[in-house]
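# Inside the fold
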Amino acid sequence: MSRVIVAIPTYNEIENLPLIAPKVLAQDPRIELLIVDDSSPDGTGKLADDLARQNPRVHVLHREAKQGLGPAYRAGLRRALELGADFVIQMDADFSHPPETLPTLLAEIETQDVVLGSRYLNGITVVN
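Description of the structure in this document. Since the model is a prediction, treat every value here as computed from it, not as a measurement. (Residues numbered from 1 in each chain as written. Predicted model: local features only at pLDDT ≥ 70, side-chain atom pairs only at ≥ 80, totals over all residues. Heavy atoms only, no water.)

## Here's the deal with the nonpolar core
Selection criterion: Think of a nonpolar core as a cluster: buried Ala, Val, Leu, Ile, Met, Phe, Trp, Tyr and Cys residues, connected wherever their side-chain atoms sit within 4.5 Å. Classification of residues uses two cut-offs on accessible area relative to the type maximum, computed with a 1.4 Å probe and protein chains only: under 20% is buried, over 50% is exposed, and between them is partly exposed. Helix numbering and strand numbering both begin at the N terminus, where a helix is a DSSP run of H or I of at least 4 residues and a strand a DSSP run of E of at least 2. Here, two residues are considered to be in contact whenever any of their heavy atoms come within 4.5 Å of each other.
Ranked by internal contacts, the top residues of the largest apolar core, which has 21 residues, are Val6, Ile8, Val24, Ile31, Leu33, Ile89 and Leu102. In terms of residues, this core owes the most to one element, helix 1 (residues 17–26), which gives five residues. Setting aside residues up to four positions removed in sequence, Leu102 forms contacts with Val6, Val24, Gln27, Ile31, Ile89 and Met91. Counting residues in each nonpolar core, the second largest holds nine residues, with Val36, Leu61, Leu83 and Ala85 among its members.

## Focus on helix 2 (residues 44–54)
As a reminder of what qualifies: Arc definition: it is the arc formed by the directions from the helix axis to the C-beta atoms.
Every buried residue belonging to helix 2 is among Thr44, Gly45, Leu47, Ala48 and Leu51, and all of these are buried. Buried residues in helix 2, looked at end-on, bunch into an arc of 160°, giving them a common side. In helix 2, the exposed positions angled more than 90 degrees off the buried face are occupied by Lys46 and Arg53. Check the buried side of helix 2 and you find it contacts strand 1 (4–10), helix 1, strand 2 (31–37) and strand 3 (58–62).

## Quick look at the sheet that holds strand 3
Worth spelling out the cut-off: What makes two strands pair is DSSP finding at least two bridges between them. With axes taken as lines fitted to C-alpha atoms, and helix axes fitted only over the stretch in contact, angles between N-to-C directions fall between 0 and 180 degrees.
If you trace the four strands from one edge of the open sheet to the other, you get 3-2-1-4, paired in parallel fashion. Only two strands of the sheet have a single partner each, and these edge strands are strand 3 and strand 4 (87–90). Here the strands of the sheet are splayed against their neighbours by 25° on average, with no regard to which way each runs. Here seven bridges tie strand 1 to strand 2, and the two strands are oriented parallel to one another. Residue Val4 lies in a different strand from strand 2, and its bridge partner there is Ile31.

## A word on the side chain of Asp38
Heads up, the rule is: Under the rule applied, a polar contact is a pair of N or O atoms within 3.5 Å (in protein, one hydrogen donor and one hydrogen acceptor; residues adjacent in sequence only if both atoms are side-chain atoms).
Structurally, Asp38 is set in the loop between strand 2 and helix 2. On the basis of relative accessible area, Asp38 is assigned to the buried category, the value being 4%. In terms of polar contacts, Asp38 uses its side chain to reach the backbone amide nitrogen of Gln67, at 3.1 Å. Once residues lying within four places of it in the same chain are set aside, the contact partners of Asp38 are Thr10, Tyr11, Arg63, Ala65, Lys66, Gln67 and Gly68.

What follows is the structure in structure tokens.
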């Protein structure tokens, strides 16, 4: 069975994390979650540790300071590979990447080298 790790960078996501984590994990039993926290002052890192203690499919990478989204994704990719991931999926914690799309991505990766999801495929609408 393939090892799938979804890397989610966090910074002050204490409200979203307990909502998105179970939704991500519910999409497929192969999915594991890697929370990459940049020392969130709101307690997101502690919450991530609590989630990891409750569920062996949750992992946490703590970073010492806020270093930006790109470096957080790179650190998450590096850690996911260290954990033995066969597939790595990157998502944001704010639901801008819907967890419900994960089964489609996983089905496609079985026959493709790279799979990208985009909210811009059918044009874009910006509200507010």
